[in-house]
Amino acid sequence: MSDELERMRGAFRHQKSVRPDAAARQTALRAAMDAFQKENSEIRQGTGIGARLRERSMNLLTALKRKPMMNFAHLNLRYTLAGGVSLAVLAFVVVNVEQIEHVLIDTASEYEIDEARLPAAREKVAAVPDAEPASKPAPTLEPEPAPEPEPEPEPEFQGLADQSAQSPAASKPKASQEALTRGAPPPSAVGPAVGQAVIEERAQHFTFSPQQAPSQRIRKSNEVVIPQYQDQGRDSFSNIAPNPLKLVIQDPVSTFSVNVDTASYAFVRGALNRGVLPQNDAVRVEELINYFDYNYQAPDSREEPFKANVSVMPSPWNLDRKLLRIGIKGYELPKTEAPKANLVFLIDTSGSMNAPDKLPLLRNSFKLLLSSLKPDDTVAIVAYAGSAGTVLEPTQAADKNKILAALDRLSAGGSTAGAEGIRQAYQLAERQLDESGVNRVILATDGDFNVGISNPDELKSFVERKRKTGVTLSVLGFGHGNYNDELMQTLAQNGNGNAAYIDTLSEGRKVLVEEAGSTLFTIAKDVKLQLEFNPAMVSEYRLIGYETRMLNREDFNNDKVDAGDIGAGHTVTALYEVTPTGSSAQQVDDLRYQSDRAETETDQSGEYGFLKIRYKLPDSDSSTLISTAITKDAEVSSIAQAPQSTRFAAAVAGFGQILRGGRYTGDFSHDDVIALALSAKGEDPFGYRAEFINLVRLAKSAAAIEPQRQ
């Protein structure tokens, strides 16, 4: 075998080599290069290094043309080494391009860049077009003239202009837009150094400052994006001082107006769901208590619209005191007896309503209300921003599509001419006045009135005069950060209506669908309560909540004094914490030189006090009196024996007082509230009581103040 190999080697050594002609060599090399091009046509190159690789290949072709074939091995080795180094550098660049793509993706997720635009951006950064042949000179990088800046439209709401002017990152989205829409020469056409600089510049366009508002997205070339209204820390509430402890011997009578509003509970819930404790004045304890329905005995007819339900149990935060509960359940109005409704939706469409929890939520909530109306009820819509105007003339609820279309046309922008809107809404309601029906304006706003009359006292006088026409006013609040609760409470109380706060669509359904009867139909007006305590049984007392509803003693019998209204099915609960006479829990010391016990010890009636309720029927101007004695027959000796409704109301009252600082609740804690509420949860078909228990848990870890937005 070895001899045969030697003979073959000798033959090859003596064989004369035949040199291929130039044409055949050129044809073979071109075929090889075409095959290489076809095989690698889809491989992207990320920087100007690709141009150098192409240049080396062209140099190789030139060298092969000039060098004899015997030197091919030397050339092949040199260019193979050079090509290997170049391929390694190319791989490094490809990795860098992939890292830039990751930066783009991370930036998009953090700053909410439109995902639909990222593929185009990746293509512009990653894709390098084929280089021009080496025979042509490489084009130079000529900077394109900057496009004429488009004039920014004048924002209708001044706050938007102020916000964009003050933002240090306001110009960065525009720079990104120019980079994406104008384009730049391909890096491969201008050499590696300039190409790399272009890529780095583009990458910087996607590195947004953390101070930029996330709501400001990259604008499209022909689109003006108006950022959502954002405000913080401007919620306004009336200053409330908790009702003080009073001595029965000095001030035995307590008088107040009923309150069926629930706005405070929904606002507190919204704050806690954001992880923030509400400010003290936002917590009206009676509105937290009255948010829930209680199983009180309901009256049998509209002629006697409610009955008083009373109970007495030990106070959960001080067992040496008593908790006296007064409950009222309004007459449930059957749907067949519901009067015709003449409604005017007065909708705030100012710039401050441009937020998801404002105008969009408002529209959807009113759409839910339409399902609660009868076909012959009428709906009109008045909107107000810089000025006010009628969006929809009175339309029967049967024409639902027309009403829905009018709601969908509403958009936010401009200042807030609320007073003019109220005036026009009352005008429209009076024009369609139904003497035997319900005539009501429903105002939906964040309460930010800044054009025309904005003083609460002036607006109060206006709605007081207008209620004499038979048109009432209810108020629905939306949004936070700029919520004017003080103004809304003033309007609702003096417009003979009620106030609610809608923070979710679920709350909109509760207020406008589940409780539509109590929201729209009044069964009693000017309802006042007065409780006279027996000093033989009670030495001290304190009314929990109702601080903004207190009346003078003489106001109770004066029918000219306005008070709260009760809607169909409304539940009203009032809690007094009382100190029994002779108890060690008495907080006020006896006087040294005066006897406070004069002749009262001989009273053996066993009555804690005497309750009187005065009200007017909706079509009457004269009040009717209901009275009942609160005796020891309504008392239980332990909290566990108390009615379920009393225990749950006590848990809510304890939580409300803790949110306000816990001045009178001692060491009663959030855990104590949860335990008491769980023991009295009972049937909870809509989950409201379970939600309350969860809110108490949230309050334990909530922040004292909302972090400042950037």
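Residues numbered from 1 in each chain as written. Predicted model: local features only at pLDDT ≥ 70, side-chain atom pairs only at ≥ 80, totals over all residues. Heavy atoms only, no water.

## Looking at the overall build of the protein
Assigned secondary structure in the protein consists of 20 helices and 16 strands. Scored against the burial criterion, the 710 residues of the protein give a buried share of 47%. For the protein, the share of sequence-separated contacts (at least 6 apart) that also reach a separation of at least 24 residues comes to 80%. Split by element, the accessible area of the protein, about 35,300 Å² in all, is 50% carbon and sulfur. (Helix = DSSP H or I, 4+ residues; strand = E, 2+ residues; numbered from the N terminus. Buried < 20%, exposed > 50% of the residue type's maximum accessible area, 1.4 Å probe, protein only. Contact = heavy atoms within 4.5 Å. Areas by Shrake-Rupley, 256 points an atom, 1.4 Å probe, with all protein chains shown as cover.)

## Re the sheet that holds strand β7 (residues 388-396)
The sheet built from six strands is open, its strands ordered β7-β6-β5-β8-β9-β10 with mixed pairing. At either margin of the open sheet sits one strand with a lone partner, and together these are β7 and β10 (499-501). Direction aside, neighbouring strands of the sheet carry axes that sit 15° apart on average. Summarising the sheet, strand β5 (residues 341-348) and strand β8 (residues 438-445) pair through seven bridges and their orientation is parallel. (Pairing = 2+ DSSP bridges. Axes fitted to C-alpha atoms, helices over the stretch in contact; angles between N-to-C directions.)

## A look at unusual backbone geometry
Residue Asn496 is not a glycine yet carries a positive backbone phi of 55°. One can find Asn496 in the loop between α15 (485-494) and β10.

## Considering the confidence of the model for the protein
The predicted model of the protein has a mean per-residue pLDDT of 77, with 67% of residues at 70 or higher. For residues 97-115, every residue scores under 50 in pLDDT, and the model assigns this stretch 28 contacts once sequence neighbours within four places are set aside. (pLDDT = per-residue confidence, 0-100.)

## Overview of the side chain of Ser372
Within the fold, Ser372 resides in the loop between α11 (359-370) and β6 (378-384). Each residue touching Ser372, except ones within four places of it in the same chain, is listed here: Lys335, Leu512, Val513 and Ala516.

## Some points on the environment of Ser539
Within the secondary structure layout, Ser539 lies in strand β12 (residues 538-544). Residue classification places Ser539 among the buried positions, given a relative accessible area of 7%. C-alpha of Ser539 to C-alpha of Leu247: the two residues are 292 residues apart in sequence and 6.0 Å apart in space.

## Regarding the pairing of β5
In terms of residue burial, β5 counts as a mostly covered element, since eight of its eight residues are buried. Because side chains alternate across β5, one face comprises the buried residues Ala341, Leu343, Phe345 and Ile347, and the other comprises Asn342, Val344, Leu346 and Asp348, equally buried. In terms of strand pairing, β5 meets β6 through seven bridges, oriented parallel. Bridge pairing links Ile347 to Ala383 in β6.

## Here's the deal with the pattern of salt bridges
Taken as a whole and judged by the stated rule, the model has 23 salt bridges. Across the salt bridge formed by Lys466 and Glu430, the nearest N and O atoms sit 3.1 Å from each other. Highlighted residues: Lys466 in helix α14 (residues 456-466) and Glu430 in helix α13 (residues 418-431), separated in sequence by 36 residues. Overall, Lys466 belongs to the partly exposed group, its relative accessible area being 21%. For Glu430, a relative accessible area of 28% corresponds to the partly exposed category. A salt bridge links Lys616 to Asp526; its shortest N-O distance comes to 2.9 Å. (Salt bridge = Lys/Arg side-chain N within 4 Å of Asp/Glu carboxyl O.)

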